[in-house]
Amino acid sequence: MHLIRTGDEPVTARSPLRLRLGLALFGLLWTTAGTLAFLFAHRPGWALACGALWLITTIDLALITRHIRQGPHYQPGRDIPPYKKSAP
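Small disclaimer: the values here were computed from a predicted structure and weren't measured.

Novice: Could you clarify how one ought to interpret the confidence of the model for the protein chain in this entry?
Specialist: It should be kept in mind that the predicted coordinates are not to be read in detail where pLDDT is low. Looking at the protein chain, pLDDT values average 81 and 62% of them are 70 or higher. Per-residue pLDDT, averaged within each element of the protein chain, yields its smallest value for helix α1 (residues 9-12) (59) and its largest for helix α2 (residues 17-40) (94).

Novice: How should the nonpolar core be read in this particular structure?
Specialist: As a rule of thumb, nonpolar side chains are buried together in soluble globular proteins. Among the nonpolar cores identified, the biggest contains five residues, and these are L17, A24, L61, I64 and I68. Listed by contribution, the elements that provide at least two residues to this core are α2 and α3 (44-69). At three residues, α3 tops the list of elements feeding residues into this core. Setting aside residues no more than four positions away along its own chain, L61 makes contact with L21, A24, L25 and L28.

Calculation criteria
Residues numbered from 1 in each chain as written. Predicted model: local features only at pLDDT ≥ 70, side-chain atom pairs only at ≥ 80, totals over all residues. Heavy atoms only, no water. pLDDT = per-residue confidence, 0-100. Helix = DSSP H or I, 4+ residues; strand = E, 2+ residues; numbered from the N terminus. Core = buried A, V, L, I, M, F, W, Y, C linked by side-chain atoms within 4.5 Å. Buried < 20%, exposed > 50% of the residue type's maximum accessible area, 1.4 Å probe, protein only. Contact = heavy atoms within 4.5 Å.

Have a look at this one:
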């Protein structure tokens, strides 16, 4: 299937939020496991690094969830037409 390019893709681009949610959950799992593993291995530097990544992943997960809950304005489906450009 070939899609016709309209030339305004950056304006009408749709974010794959569900994919980002899955990747953020995967990252949350691994950063949590890494933080705990390094804490039990008595490696405080590595545990701190994984903890920082855990914090970033948690913030990203919260933002993704917020965007999904805001509805089709931030994640329009195929049945919602692209936004009209406002006049300058």
